[in-house]
Amino acid sequence: MRVVLGVSGGIAAYKACSLLRLLTEAGHEVTVVPTRAALEFVGAPTWAALSGRPVAAGVWDRVHEVPHVRLGQQADLVVVAPATADLLARAAHGLADDLLTSTLLTARCPVLVAPAMHTEMWTHPATAANVGLLRSRGVHVLEPASGRLTGADTGPGRLPDPEEIFSAAMALVDGRPGTPQQDLAGLQVVVTAGGTREPLDPVRYLGNRSSGKQGYALADVAAARGAVVHLVSAPTELPVPHGVEVERVESALEMQEAVWRAAAGADVVVMAAAVADFRPARYTETKIKKRHGPGDEEASPTVPLVRNPDILAGLVQERGAAPRPVVVGFAAETGDADGDLIHHARAKLARKGCDLLVANEVGPGVTFGQDESTVHLLRPGTDEPRRVGPADKRVTATAVWDAVLEVLQAR
Ligand code: CTP
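Residues numbered from 1 in each chain as written. Predicted model: local features only at pLDDT ≥ 70, side-chain atom pairs only at ≥ 80, totals over all residues. Heavy atoms only, no water.

**Concerning the site of the ligand**
Thought 1: Close contacts around the ligand come from 15 residues, with Met271, Ala273, Pro309, Phe330 and Lys348 the closest.
Thought 2: Side-chain polar atom of Asp277 to an oxygen atom of the ligand: 3.5 Å apart, as the coordinates give it.
Thought 3: Lys352 is positioned such that a nitrogen or oxygen atom in its side chain is 3.0 Å from an oxygen atom of the ligand.
Thought 4: Protein contacts shield 75% of the accessible area of the ligand, which totals 580 Å² for the unbound molecule. (Near = heavy atom within 4 Å. Polar contact = N/O pair within 3.5 Å; in protein donor to acceptor, adjacent residues only side chain to side chain. Areas by Shrake-Rupley, 256 points an atom, 1.4 Å probe, with all protein chains shown as cover.)

**Considerations on helix H12 (residues 311–319)**
Thought 1: Every buried residue of H12 is listed here: Ile311, Leu312, Gly314, Leu315, Val316 and Arg319.
Thought 2: Of the surrounding elements, those touching the buried residues of H12 are helix H11 (252–263), strand S13 (268–271), strand S16 (326–333) and helix H13 (341–352).
Thought 3: With a side-chain oxygen lying 3.1 Å from the backbone nitrogen of Leu312, the N-terminal cap of H12 falls on Asp310.
Thought 4: Following H12 by one or two positions, Gly320 adopts a phi angle in the positive range, close to 60 degrees. (Buried < 20%, exposed > 50% of the residue type's maximum accessible area, 1.4 Å probe, protein only. Helix = DSSP H or I, 4+ residues; strand = E, 2+ residues; numbered from the N terminus. Contact = heavy atoms within 4.5 Å.)

**Some details on the nonpolar core**
Thought 1: The biggest cluster of nonpolar side chains holds 36 residues, and the ones touching the most others in it are Val189, Leu218, Val229, Val268, Val328, Leu377 and Trp401.
Thought 2: Elements with a minimum of two residues in this core: strand S8 (188–193), helix H10 (213–224), strand S11 (228–233), S13, S16, strand S17 (356–361), strand S18 (372–378) and helix H14 (393–409).
Thought 3: With 9 residues, H14 is the largest single contributor of residues to this core.
Thought 4: Discounting residues that sit within four places of it in the chain, Val229 has contacts with Val189, Val191, Ala219, Ala222, Ala223, Val244 and Glu245.
Thought 5: Formed by 33 residues, the second largest nonpolar core is a distinct cluster that contains Val7, Ala16, Phe166 and Ala169. (Core = buried A, V, L, I, M, F, W, Y, C linked by side-chain atoms within 4.5 Å.)

**Some details on helix H4 (residues 67–74)**
Thought 1: Buried residues of H4: Pro67, Leu71 and Gly72, and no others. All buried residues of H4 project into a common sector of 115 degrees when viewed along the axis, lining one side. (Arc of directions from axis to C-beta.)

**Focus on the side chain of Arg394**
Thought 1: Tracing the backbone shows Arg394 in helix H14.
Thought 2: Within the structure, the side chain of Arg394 is placed 2.6 Å from the side chain of Asp220, a separation counted as a polar contact.
Thought 3: With residues near it in sequence (within four places) discarded, Arg394 still touches Leu22, Phe166, Ala217, Asp220 and Val221.

**Side note on the pairing of strand S7 (residues 154–158)**
Thought 1: Where strand S6 (residues 145–148) meets S7, 4 bridges bridge the pair, whose relative direction is antiparallel. Across the sheet, Gly147 pairs through a bridge with Gly155, a residue of S7.
Thought 2: Taking the residues between adjacent antiparallel strands as the criterion, S6 and S7 are bridged by 5 residues, where Gly151 takes a positive phi near 80 degrees. (Pairing = 2+ DSSP bridges.)

**Some points on the environment of Pro110**
Thought 1: By the element assignment, Pro110 lies in the loop between helix H6 (99–106) and strand S4 (111–115).
Thought 2: Note: C-alpha distance between Pro110 and Asp296 (186 residues apart in sequence) is 68 Å.

**So, the sheet that holds S18**
Thought 1: With respect to topology, 8 strands assemble into an open sheet ordered S12-S11-S8-S13-S16-S17-S18-S19, the strand pairing being mixed. Each edge of the open sheet carries a strand with a single partner, namely strand S12 (245–248) and strand S19 (386–392). Taken pair by pair, the neighbouring strands of this sheet meet at an average axis angle of 20 degrees, ignoring direction.
Thought 2: Against the sheet, H14 contacts S8, S13, S16, S17, S18 and S19, and its axis sits at roughly 150 degrees relative to S19. (Axes fitted to C-alpha atoms, helices over the stretch in contact; angles between N-to-C directions.)

**Let's talk about the environment of Leu5**
Thought 1: With respect to the helices and strands, Leu5 occurs in strand S1 (residues 2–7).
Thought 2: C-alpha of Leu5 to C-alpha of Val113: the two residues are 108 residues apart in sequence and 10.0 Å apart in space.
Thought 3: Those residues within four positions of Leu5 in sequence are excluded, and the remaining contacts are Ala16, Leu19, Leu20, Val30, Thr31, Val32, Val33 and Val79.

**Some details on unusual backbone geometry**
Thought 1: Omega for the bond connecting Ala81 with Pro82 falls within 30 degrees of zero, at -5 degrees, which places this linkage in the cis form.
Thought 2: Along the chain, Pro82 turns up in strand S3 (residues 77–83).
Thought 3: With an omega dihedral of -5 degrees, the bond running from Arg324 to Pro325 counts as a cis peptide bond.
Thought 4: Counting through the fold element by element, Pro325 comes out in the loop between H12 and S16.

**Quick notes on the environment of Val221**
Thought 1: Considering the arrangement of structural elements, one finds Val221 in helix H10.
Thought 2: A sequence separation of 177 residues divides Val221 from Thr398, and the C-alpha atoms of the two residues are 6.5 Å apart.
Thought 3: Residue contacts for Val221: discarding those within four places in its chain leaves Arg394, Ala397, Thr398 and Trp401.

**Describing the side chain of His344**
Thought 1: Positionally, His344 belongs in helix H13.
Thought 2: Other than its neighbours up to four places away in sequence, His344 contacts Glu333, Thr334, Asp336, Asp338 and Gly339.

**Digging into the pattern of salt bridges**
Here the idea is simple: oppositely charged side chains can pair when their charged atoms come close.
Thought 1: Counted according to the given criterion, the structure contains 21 salt bridges.
Thought 2: One network of salt bridges, with partners in common, ties together Asp86, Arg90, Asp97 and Asp98. (Salt bridge = Lys/Arg side-chain N within 4 Å of Asp/Glu carboxyl O.)

**Some words on the packing of helix H5 (residues 85–92) against helix H8 (residues 125–136)**
Helix-helix packing is described using two parameters, namely the angle between the two axes and the distance between the axes.
Thought 1: Where H5 contacts H8, the two axes come as close as 9 Å, and the packing angle between them is 50 degrees. The angle between H5 and H8 falls in the class oblique. As H5 runs across H8, the sense of the crossing is left-handed. Two secondary-structure elements touch here, H5 through Ala85, Leu88, Ala89, Ala91 and Ala92 and H8 through Thr127, Asn130, Val131, Leu133 and Leu134.
Thought 2: Of the residues contributing to the contact of H5 with H8, the split by class is 8 nonpolar, 2 polar and no charged. (Parallel < 35°, antiparallel > 145°, perpendicular 65-115°, else oblique. Left-handed = near helix turned anticlockwise from the far one by under 90°. Nonpolar A, V, L, I, M, F, W, Y, C, P; charged D, E, K, R; others polar.)

By themselves, these are just geometric observations and shouldn't be taken as functional.
What follows is the structure, encoded as structure tokens:
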């Protein structure tokens, strides 16, 4: 798909670099059209390197190609991120004083605009009227996020996360040529994500470092490919992908209950969550306090742990010989003296009895919390695991769903 990524002159222009990467990694041909002010924040070489295409900013560059008309005419999608108050005003009033506004006038494809500015500018009646005008003409204007703005102030005006803009943009063009095939349409899938928190007392829990990024990417990609997605999420900071129903849980026991409920009638369950293997044996209703008596400096409580149920293994057991749901497990592995990563992954696949195991290569600074990972996909009865990566977790997610489709087709 041909995408024009318009960037106007706000500090959030740097975040458009991540959005650009998401678009190119999804296979789209992206032409970046920055305004002159945007180039003050992020230079043309950065856009050219990330997009792999020349960067056009002015109407006087490469005039023989008539870029001020062609770019808009040929685009399948225009995304403007960030859109400043000035850009919204110029777009709303049909000005064509640079390449981006000219492109907006000639584009007949879906247009998504992600505003970012200070709260006062966003809430000013002039901006509100411009946004209203653009929306009345069919332009999709995202609501800015709330939070910390440049400097110390906070409020609505932040650019939404690149992942959120990306999934809103993809939702706009769903089903059009060049967008993901709807090859998961008709499937009900359950995806778990994030790391569970095992409560100890009202202020403490045992947790782990899972960011939830892989699970959220799996949910996002499945929804974009047409599946009905129920995401059971342990706590994360991530935005909910477009079109995904999310159920929030904290502990392994809560996750088990949610997964079992959602798995009834599901075609696929993907257990990407990092479920704690153990939880404190007892939840203490009041905060556990230090003692301050004589000799208590050395005293420390012992926290006995008990095993959590294995949600994945339980699902496989419950399913028995039934063909559905297809169950996908994840594993974080390193090689050690007993064998390499694949050796351990094969053993885990056999132990858990799942239909597909996604073995993550882990190590210091690898996989956890990162945008990229390297995984090996293992299926029972197949010799060679399939290696994916190092790649963005969306690319991994796409490979996982491709493998799930193969499992479903083999049934
Ligand atoms: N899982 C689960 N319930 C648990 C623990 C894990 O469903 N109580 C799922 C995870 O969501 C993941 C897979 O099982 O899909 C991971 O298996 P696990 O045995 O937890 O892997 P490790 O913790 O890496 O196991 P080990 O310590 O034995 O290597």
